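# Inside the fold
So you can see what is in the structure, the chains are spelled out below.
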Amino acid sequence: MKNKIFAIAAAVGSAIVAAPAQAQITGTPASVGVSVSVPEILYLRTVSNINVTLTPTDLGNGSLTANGSGFYGSDQAGTADDTPSSTLDTTTPAFTDATAATRTINNVYAVWSNSPRPGGVNVDVEEIANPSNGLSTIAMTIDDTLSDKSALTPQGLINPTIVGGVDFIFDLTNAATSGNYTGGAITITASAP
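In this report, the structure presented in the accompanying data block is examined. (Residues numbered from 1 in each chain as written. Predicted model: local features only at pLDDT ≥ 70, side-chain atom pairs only at ≥ 80, totals over all residues. Heavy atoms only, no water.)

The subject of this paragraph is the overall build of the protein chain. Within the protein chain, the secondary structure is distributed over two helices and nine strands. The N-to-C order of helical and strand elements in the protein chain reads α-β-β-β-β-β-β-α-β-β-β. Buried residues in the protein chain amount to 18% of all 193 residues. With the model as given, the accessible surface of the protein chain reaches about 14,200 Å², and the carbon-plus-sulfur share is 55%. (Helix = DSSP H or I, 4+ residues; strand = E, 2+ residues; numbered from the N terminus. Buried < 20%, exposed > 50% of the residue type's maximum accessible area, 1.4 Å probe, protein only. Areas by Shrake-Rupley, 256 points an atom, 1.4 Å probe, with all protein chains shown as cover.)

Here you go:
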């Protein structure tokens, strides 16, 4: 039995070795064109709220001392007596710029774009003149020359084309008391002209 298995294995092996090789046929490669259409994308992301905290320096006097949530300061000059010739100095203690405060808020918006337009990408920041419940007696304006941004060459959709902040000017002329003034609003618009 053992000899029969070897004989069958030897016969099968010799048949495999003796079989003629199959010829491979290769045709001529066909050239097929492929085109891809990539849509134009313009994406704007902004923060949801901007909180601004003014300091004594914003109000014109950076020499005050912090105390809890407030600041204090004092000085002495002049003399007083029982005649009308008191020399008390009643001019403001360096709050000469208290009528306006400027503040730069960074990283307020980012824009991604792959726009091929020759005008690039523009961002326009505007204050809403009279929002309902505005900042009460504080007038707010935007410094457009610093807040508006443009980029002629988009960076694609991985890195932002533009990242920008907002430069505020707050008119404090009528802000007679300390406290929170809420309700201001701005608009941020991205465009690819």
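Moving on from the model shown.
For the coordinates displayed, the defined rule picks out two aromatic pairs. A ring pair is formed by Tyr 43 and Trp 112, whose centres lie 6.1 Å apart and whose planes are at 70°; its orientation type is edge-to-face. Remark: Trp 112 occurs in strand E4 (residues 100–113) and Tyr 43 occurs in strand E1 (residues 42–46); sequence separation between them is 69 residues. For Tyr 43, a relative accessible area of 45% translates into the label partly exposed. Given the relative accessible area of 15%, Trp 112 is considered buried. For the ring pair Phe 168 and Phe 170, a centre distance of 5.4 Å and an interplane angle of 15° mean the geometry is stacked. By relative accessible area, which is 4% here, Phe 168 ends up buried. What makes Phe 170 buried here is its relative accessible area of 8%. (Phe/Tyr/Trp six-rings, centres within 6.5 Å; stacked < 30°, edge-to-face > 60°.)

Let us look at the pattern of salt bridges. Counted according to the given criterion, the structure contains one salt bridge. Salt-bridge contacts for Glu 40 lead to Arg 117; the nearest nitrogen and oxygen are separated by 2.8 Å. Here Glu 40 is found in the loop between helix H1 (2–18) and E1, whereas its partner Arg 117 is found in the loop between E4 and strand E5 (121–127), with 77 residues between them in sequence. With a relative accessible area of 37%, Glu 40 lands in the partly exposed category. The class of Arg 117 is partly exposed, set by a relative accessible area of 38%. (Salt bridge = Lys/Arg side-chain N within 4 Å of Asp/Glu carboxyl O.)

Glancing now at the sheet that holds E5. In spatial order, the strands read E7-E5-E9; together these three strands make up an open sheet with antiparallel pairing. Edge positions in the open sheet fall to strand E7 (149–151) and strand E9 (186–191), since each of these has one partner strand only. When strand polarity is set aside, the average angle formed by the axes of neighbouring strands in this sheet is 10°. Here E5 runs beside E9; their pairing, made up of six bridges, is antiparallel. When the bridges of E9 are listed, Glu 127 appears paired with Ile 186. (Pairing = 2+ DSSP bridges. Axes fitted to C-alpha atoms, helices over the stretch in contact; angles between N-to-C directions.)

The next point concerns the sheet that holds E4. Read across the sheet, four strands follow the order E1-E4-E8-E6 without closing on themselves; strand pairing throughout is antiparallel. Of all the strands in the sheet, the pair left with one neighbour each is E1 and strand E6 (139–142). Strand-to-strand twist across the sheet, computed as the mean angle between neighbouring axes with direction ignored, equals 30°. Two strands pair when backbone bridges link them, and E6 and strand E8 (residues 162–171) are joined in this way by four bridges, in the antiparallel orientation. Within the sheet, the bridge partner assigned to Ala 139 lies in E8 and is Asp 171.

Note on placement: Asn 61 falls in the loop between E1 and strand E2 (65–67). Taking relative accessible area as the criterion, Asn 61 reaches 7% and is therefore assigned buried. Sequence-wise, Asn 61 and Ala 94 are 33 residues apart; in three dimensions their C-alpha atoms are separated by 5.5 Å. In contact with Asn 61, not counting residues within four places along its chain, are Pro 56, Pro 93, Ala 94 and Phe 95. (Contact = heavy atoms within 4.5 Å.)

Turning our eyes to something else, we now look at the side chain of Asp 167. As for its position among the elements, Asp 167 is in strand E8. The side chain of Asp 167 sits in the buried core without any salt bridge; Lys 149 is the nearest counter-charge, 6.5 Å away. Not counting residues up to four positions away in its chain, the partners in contact with Asp 167 are Arg 103, Thr 104, Thr 141, Ile 142, Asp 143, Leu 146 and Ser 147. (Lys, Arg positive; Asp, Glu negative; His and termini not counted.)

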